Amino acid sequence: MSEQRPITLSVEGMSCASCVGRVDRGLSALEGVKDVSVNLASETARMTFDRPDRLAEAVAALDKLGYPARSETVTLNVESMSCASCVGRVDRALEAVPGVLEVNVNLASETARVRYAEGAVTPAQLIAASAAAGYPATLPETPEAVDPTARKQEEARSLARRFLLAAVLTLPVFLVEMGGHVFPGVHHWIDMTIGRQASWIGQFVLTTLVLAGPGRMFYARGLPALLKGAPDMNSLVAVGSGAAYLYSVVATFLPGLLPEAVRAVYFEAAAVIVVLILLGRMLEARAKGRTGAAIRKLLGLRVRRARVRRDGTETELDVEQIVPGDLVIVRPGERLPVDGEVIEGESHVDESMLTGEPLPLHKGPGDAVTGGTVNGAGSLVFRTTRVGAETTLAQIIRMVEEAQGAKLPIQGLVDRITLWFVPAVMSAAVLTVLIWLIFGAGAGATLALVAGVSVLIIACPCAMGLATPTSIMVGTGRAADMGVLFRKGDALQQLASVGVVALDKTGTVTEGRPALTELELAPGMERAGTLARIAAVEALSEHPVARAIARAAEEEGLPVPAAEQFASVTGYGVRAQVGGAEVLVGAGRFLEREGIDTTALSAREVELAGQGRTVLFAAIDGKVAALIGVADPVKPASRAAIAALHAKGLKVAMITGDRPETAQAIARETGIDHVVAGVLPDGKVAALEALRQEGRTVAFVGDGMNDAPALARADVGIAIGTGTDVAIESADVVLMSGDLRGVVNAVEVSRRTMGNIRENLFWAFAYNIALIPVAAGVLYPGFGILLSPMLAAGAMALSSVFVLSNALRLRRIAPVMDEAVAA
């Protein structure tokens, strides 16, 4: 093969000449890579390949060297795709473009998501490659401006117009020809009035109008594809209806070419085939539009205009003009335009459309608010923190779009089958015709035509191509409605086979914020005064336990006096003067060191420690005053969520860096099966590997930065959406609800979606396996049954509509857990 044109890659991480040398040597060592030129100033590497697929090897080599090639992703709207064979051809055409790294073509959404090496190819080249393959492509205007279902709705309207015109033209043909089969007197009446030849000519005129008008699309797309040696679904329809039409034309105008016994017309078959397939296409388009309901709903949450306070003046601006740091004013009942932090006012904000939480949340100064949510009865002023593509809503839309466009591993098998399916069907049709011509006796030509056309029409692979992507679109969209975002498409398939769900403790099972749970007073002590003095000392400490105690006093409305002479004793506790009295707060060993007797409360100390509490003592003026229990409380939904996971046949483990006593106490309280405690972040990864050794697929749920390695290494990483950005970026699934209810709902959606895909694939394949032989006429010798091309067209259209309708049932998936269940 001739040498390809030079390719220039943008390379990250090069900072010096030695970096350049390493990149140069690494690329030059690759087979088939020549003329390598690495430029530090422009951070590029230019080279030529002996064949296009060497590019992927070069990109992989750069990754291994530690200098990854920059890549970009573009989503193209692709027209004229009608079946899985089309998907395969678009896929191959785009993959053949030098510089393309990954292609994902989706029949249901009619899009192609292409990841390509930055600098090696442009979107215009990708569009040209798709068009050259016979599938015109366009770029979306902007993510904000495009309604992904608008094009499908317009297509449905166009197909409806074509269908109605075709139906009106076909109806007289159908009534005249088929009416004669139902009521023999009709044919006799026609023969006695206008005559059979005139009737056939009238049918010819009407059928020609159907094929040249509403049906022209099948010939314009199918015949060129057939001539290129790459037949698709349109080719099957064009050849099938065209054969019936041409046979009828010969019978009408050149009857001498056919034996009198087989002189008949099939104009009604050719016309009805077009009508029924247009009907099926119209219903498909309408159903496909509904599969994108989740994206349309999310896009509907965007705000176009907002009131902004700049330099003391309120101005109404387009939301695109808002910049981080602007002050945005939101009135009662309005939707928030972007993300930010409240600085003035209080209100309740409805976040159900993003998180699935049904109850509005109170928002006041210091609280974070999210664009797309709805303000309640109060007014708010907030400072913007994220705008444009960085807002939570924009990121959610992007995640849902990527998940809906994903290609699951199961789709690979379908693609391999459908690539050869259409040529195989055409071969089967030819074989059918030959067999009938040889063994069909006197009526062989007629039966050959009927059977051959029926095989072509009934075997359309539309249902196969739609089986997986439509279920993915609807399933991931429904998951988004429930606050579950699948960031990576294959997680949808992986999660369905998970056997163990491993949980981080802090912030996942528990609230992640320590709270005062017990305050046991020594005899003679009074709660309010004692807690106020303890809080006065702890208010000067930065320790999380100290903050929990200070917060408890604040929540009880206690006046906290000022503390003086504060001192921290490392490893023991803190001390200070409060209202003239010395107050000590710390571990039991601190009071023992100071000679203070804790016997009165020591029994309770052992009991609380066994429950996983962090236990402290407080002493005032040399006497023990109180025993303090602090714990990270379990989230209200955790216990019920873990029980629901058990009900689904899943084992639940907890992997935490906390003390074993605390972890075991939480496990007993929530019903967790297996505990690994006292581990560092890399220890969490090792614990996952140990769980995986049992032969089970493992999901890990976490929220913190230290959970990122485990989230990345698990078979399925699930991040709590209220956690850190690092954790979310490392995960395959993000739960917007902030607790474990989302895990249960994610598993439910995954299992239901995969079950739906299997149903669709079974129907699509079983339909073809069962009906192609029937269409070919295997039942005719024994039962006299030969499938009409019209019935074949109806069955073909029905198969695609069935698959789409079955996928749309996923919109009715109900959350396994909601607020009521969690409570």
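Residues numbered from 1 in each chain as written. Predicted model: local features only at pLDDT ≥ 70, side-chain atom pairs only at ≥ 80, totals over all residues. Heavy atoms only, no water.

For the protein, the name recorded in an unreviewed UniProt entry is Heavy metal translocating P-type ATPase, with Pseudooceanicola albus as its organism. Taken from UniProt, the Sequence similarities (unreviewed entry) comment for the protein reads in full: "Belongs to the cation transport ATPase (P-type) (TC 3.A.3) family. Type IB subfamily." (UniProt positions renumbered as here; feature names shortened; annotations may be inferred.)

Colleague: What should I look at first to understand a nonpolar patch on the surface in this one?
Modeller: Residues V430, L431, L434, I435, L437, I438 and F439 make up a contiguous nonpolar surface patch of about 730 Å² in total accessible area. Owing to a relative accessible area of 63%, I438 belongs among the exposed residues under this scheme. (Patch = residues over 30% accessible without salt bridge, like charges linked within 9 Å, V, L, I, M, F, W, Y side chains within 5 Å. Areas by Shrake-Rupley, 256 points an atom, 1.4 Å probe, with all protein chains shown as cover. Salt bridge = Lys/Arg side-chain N within 4 Å of Asp/Glu carboxyl O. Buried < 20%, exposed > 50% of the residue type's maximum accessible area, 1.4 Å probe, protein only.)

Colleague: Help me out: how do you make sense of the sheet that holds strand β11 (residues 339-344) in this one?
Modeller: For sheets, the rule is that strands pair by backbone hydrogen bonds, running either parallel or antiparallel. Across the sheet, six strands lie side by side as β9-β8-β10-β16-β11-β14; this open sheet has antiparallel pairing. The strands lining the two open edges of the sheet, one partner per strand, are β9 (313-318) and β14 (368-369). Across two bridges, the pairing between β11 and β14 is antiparallel. Residue pairing for β14: G340 is matched across the bridge by V369. (Pairing = 2+ DSSP bridges. Helix = DSSP H or I, 4+ residues; strand = E, 2+ residues; numbered from the N terminus.)

Colleague: How should I be thinking about helix α23 (residues 638-647) in this particular structure?
Modeller: Helical geometry: 3.6 residues make up each α-helical turn, so side chains three or four residues apart lie on a common side. Along α23, the residues that are buried comprise S638, A641, I642, A644 and L645. Buried residues of α23 fall within an arc of 155° about the axis and therefore sit on the same side. Packing partners of the buried residues in α23 comprise β18 (498-503), α18 (505-509), β25 (651-655), α24 (660-670) and α28 (741-776). Taken from the residues just after α23, G649 is the one with a positive phi, measuring 85°. (Arc of directions from axis to C-beta. Contact = heavy atoms within 4.5 Å.)

Colleague: Help me out: how do you make sense of the pairing of strand β27 (residues 697-702) in this one?
Modeller: Look at any regular strand and the pattern is simple: side chains alternate between the two faces of the sheet. A large share of β27 lies buried, amounting to six of its six residues. Burial along β27 is two-sided: the face carrying T697, A699 and V701 and the face carrying V698, F700 and G702 are both buried. By the bridge criterion, five bridges tie β18 to β27 in an arrangement that is parallel. From the neighbouring strand, V501 faces β27, where its bridge partner is A699. Sheet topology places β27 next to strand β28 (residues 716-720); four bridges connect them, and they run parallel. Paired with V701 across the two strands is I718, which belongs to β28.

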